Amino acid sequence: MVDFVDRNRRTVADMRAMKARGEKISMLYVQTLQEAEAADRAGIDMLSIEARFFSPEMREAAGRCFVQVGLPYGQFGDYVTAEDYLRGAFHYARMGGDCFYCSASFDIQKVLCDNHVPIVAHVGFVPALVTWTGWRAVGKTTAEALAVWKQVKRLEAVGAFGAELEVVPDRVGEVISKNTSMLMLGMGAGPHADAQYLFAEDVLGHTSGHKPRHAKTYRNFAAEYERLQNERVAAFGEFIADVRSGAYPAPEHIVPISDEEFEAFLAGTED
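Reference entry: report on the structure contained in this document. (Residues numbered from 1 in each chain as written. Predicted model: local features only at pLDDT ≥ 70, side-chain atom pairs only at ≥ 80, totals over all residues. Heavy atoms only, no water.)

## Description of the pattern of salt bridges
(1) Moving on: Within the structure shown, the criterion is met by 13 salt bridges.
(2) Moving on: The closest approach of N and O atoms between aspartate 98 and arginine 59, which form a salt bridge, is 2.9 Å. With aspartate 98 in the loop between α4 (82-95) and β4 (99-101) and arginine 59 in helix α3 (residues 56-62), the pair connects residues that are 39 residues apart, well separated along the chain.
(3) Moving on: Here arginine 59 falls in the buried class, since its relative accessible area comes to 5%.
(4) Moving on: Note that lysine 110 and aspartate 114 form a salt bridge whose closest N and O atoms lie 2.8 Å from each other. Taken together, the residues span about one helical turn, with lysine 110 and aspartate 114 both in helix α5 (residues 106-114) at a distance of four residues.
(5) Moving on: On the accessibility criterion, lysine 110 (39% relative accessible area) is partly exposed. (Salt bridge = Lys/Arg side-chain N within 4 Å of Asp/Glu carboxyl O. Helix = DSSP H or I, 4+ residues; strand = E, 2+ residues; numbered from the N terminus. Buried < 20%, exposed > 50% of the residue type's maximum accessible area, 1.4 Å probe, protein only.)

Pasting the structure below:
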């Protein structure tokens, strides 16, 4: 993996050092080049980017951000076996992925870790496994909190680099984060997780579906997107009107030809 790492970017060792120093890590889920570039310019520490959105251009846009590439288990049919995951991880490592989201079984996760692939697992509320829990916080009972704790310890033993810790009680999140070597990426897990992780669409205020309790909106892009869409419709309508009236194309949009050349052309069509 070392051969694929850009010396100007953060490494796993750097992220672990941030946890050891007690530094709070900022993390965003992004989908576009513009979001990745803005995150880098703002100084965001870590990005989560699904494999379907990740590319060399996305890696370049992300700059110095530490990038987690999402390899979602079975979601698109690409990642089911350990071999699938290894192939995907090394493919995206060559593009500049720094670690890899893997919520598969412990045995698959262990294969990745045994091959020195830094993985991020997922504990607590896991949207892909919602059928087992329902849409709710996980860990509000002793039994559930201990189950999350035991899962974290098993991931530690496997060799995972980190885990997303989603929608668990803040005090449970604090105990887990302070008692594991893994980087705990908190999403609705309280202030003591190692990272605070939000979706860019929530931060920018253009979430199309449910907005979770832990989300915080800093800008109203939804209103701006609506304004831009109305401007698109208006511009397209004006274009239609110009086409129908003959106002477009105007002389400045036309390629001219000299009279002499045009006359010669006409003569040539009569041969």
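The structure having been displayed, the exposition proceeds.
## Considerations on the packing of α4 against α5
(1) Moving on: Interaxial distance between α4 and α5 falls to 9 Å at its minimum, and their mutual angle equals 40°. Here α4 is positioned oblique relative to α5, judged by the angle of their axes. The element α4 and its partner α5 pack so that their crossing is right-handed. Touching Ala82, Tyr85 and Leu86 of α4 are Ile108, Val111 and Leu112, all from α5.
(2) Moving on: In the contact of α4 with α5, the residues fall into six nonpolar, no polar and no charged. (Axes fitted to C-alpha atoms, helices over the stretch in contact; angles between N-to-C directions. Parallel < 35°, antiparallel > 145°, perpendicular 65-115°, else oblique. Left-handed = near helix turned anticlockwise from the far one by under 90°. Contact = heavy atoms within 4.5 Å. Nonpolar A, V, L, I, M, F, W, Y, C, P; charged D, E, K, R; others polar.)

## Quick look at the packing of helix α7 (residues 142-158) against helix α8 (residues 170-178)
A packed helix pair is summarised by two numbers, namely the angle formed by the two axes and the spacing between the axes.
(1) Moving on: Closest axis-to-axis distance for the α7/α8 pair is 11 Å, and the angle between their directions is 20°. Taken as axis vectors, α7 and α8 run roughly parallel relative to one another. Like other packed secondary-structure pairs, α7 and α8 cross with a definite hand, here right-handed. Here α7 contributes Ala145, Val148, Trp149 and Val152 to the contact with α8, which in turn contributes Val172, Val175 and Ile176.
(2) Moving on: Here the contact of α7 with α8 is built from residues that sort into seven nonpolar, no polar and no charged.

## Things to note about the sheet that holds strand β7 (residues 183-187)
(1) Moving on: Judged by pairing direction, the barrel is parallel, and its eight strands sit side by side in the order β1-β2-β3-β4-β5-β6-β7-β8 before closing back on the first. Across the sheet, the mean angle separating the axes of adjacent strands is 30° when strand polarity is ignored.
(2) Moving on: Relative to β7, strand β6 (residues 162-166) runs parallel, the two sharing five bridges. Bridging from a neighbouring strand, glycine 162 pairs with leucine 183 of β7. (Pairing = 2+ DSSP bridges.)

## Quick look at α7
(1) Moving on: Relative to the 24 Å expected for 17 residues at 1.5 Å per residue, α7 spans 24 Å between its end C-alpha atoms, a close match to the ideal helical length.
(2) Moving on: Where α7 is buried, its residues touch α5, β5 (119-124), β6, α8 and β7. (Expected span 1.5 Å × (residues − 1).)

## Some remarks on a nonpolar patch on the surface
(1) Moving on: Where nonpolar side chains cluster on the molecular surface, the patch consists of Phe239, Ile240, Val243 and Tyr248 and spans about 360 Å² of accessible area.
(2) Moving on: Mapped onto the elements of the fold, phenylalanine 239 is located in helix α10 (residues 221-245).
(3) Moving on: The exposure class of phenylalanine 239 is partly exposed, given its relative accessible area of 47%. (Patch = residues over 30% accessible without salt bridge, like charges linked within 9 Å, V, L, I, M, F, W, Y side chains within 5 Å. Areas by Shrake-Rupley, 256 points an atom, 1.4 Å probe, with all protein chains shown as cover.)

## As for the packing of aromatic side chains
(1) Moving on: Evaluation of the coordinates by the stated rule reveals ten aromatic pairs.
(2) Moving on: Pairing phenylalanine 66 with phenylalanine 161 gives two aromatic rings, centres 5.9 Å apart and planes at 55°, and the pair type is tilted. Taken as a pair, phenylalanine 66 in strand β3 (residues 66-70) and phenylalanine 161 in the loop between α7 and β6 lie far apart in primary sequence, 95 residues in all. Neither phenylalanine 66 nor phenylalanine 161 differs from the other in exposure class; each is buried.
(3) Moving on: Both rings, one in tyrosine 73 and one in tyrosine 85, keep their centres 6.4 Å apart while their planes meet at 15°; by these two values the pair is stacked. In this pair, tyrosine 73 is assigned in the loop between β3 and α4 and tyrosine 85 in helix α4, connecting sequence segments twelve residues apart.
(4) Moving on: By relative accessible area, which is 0% here, tyrosine 85 ends up buried.
(5) Moving on: One aromatic cluster is present, built from ring pairs that chain together Tyr29, Tyr197 and Phe199. (Phe/Tyr/Trp six-rings, centres within 6.5 Å; stacked < 30°, edge-to-face > 60°.)

## Remarks on the pairing of β7
Consecutive side chains of a regular strand alternate in pointing toward one face of the sheet and then the other.
(1) Moving on: Counting buried positions over the five residues of β7 gives five, a clear majority of the element.
(2) Moving on: With burial as the criterion, each face of β7 is covered, one bearing Leu183, Leu185 and Met187 and the other bearing Met184 and Gly186.
(3) Moving on: After leaving β6, the chain enters α8 and then returns to the sheet as β7, a path that is right-handed. (Right-handed = clockwise from strand over helix to strand, strands pointing away.)

## Considerations on the side chain of arginine 10
(1) Moving on: By the element assignment, arginine 10 lies in the segment before α1 (12-20).
(2) Moving on: Arginine 10 sits in the buried class, given a relative accessible area of 17%.
(3) Moving on: Of the polar contacts made by the side chain of arginine 10, one reaches the side chain of aspartate 45; its length is 3.2 Å.
(4) Moving on: Those residues within four positions of arginine 10 in sequence are excluded, and the remaining contacts are Met15, Met18, Ile44, Asp45, Arg64, Cys65, Phe66 and Asp98. (Polar contact = N/O pair within 3.5 Å; in protein donor to acceptor, adjacent residues only side chain to side chain.)

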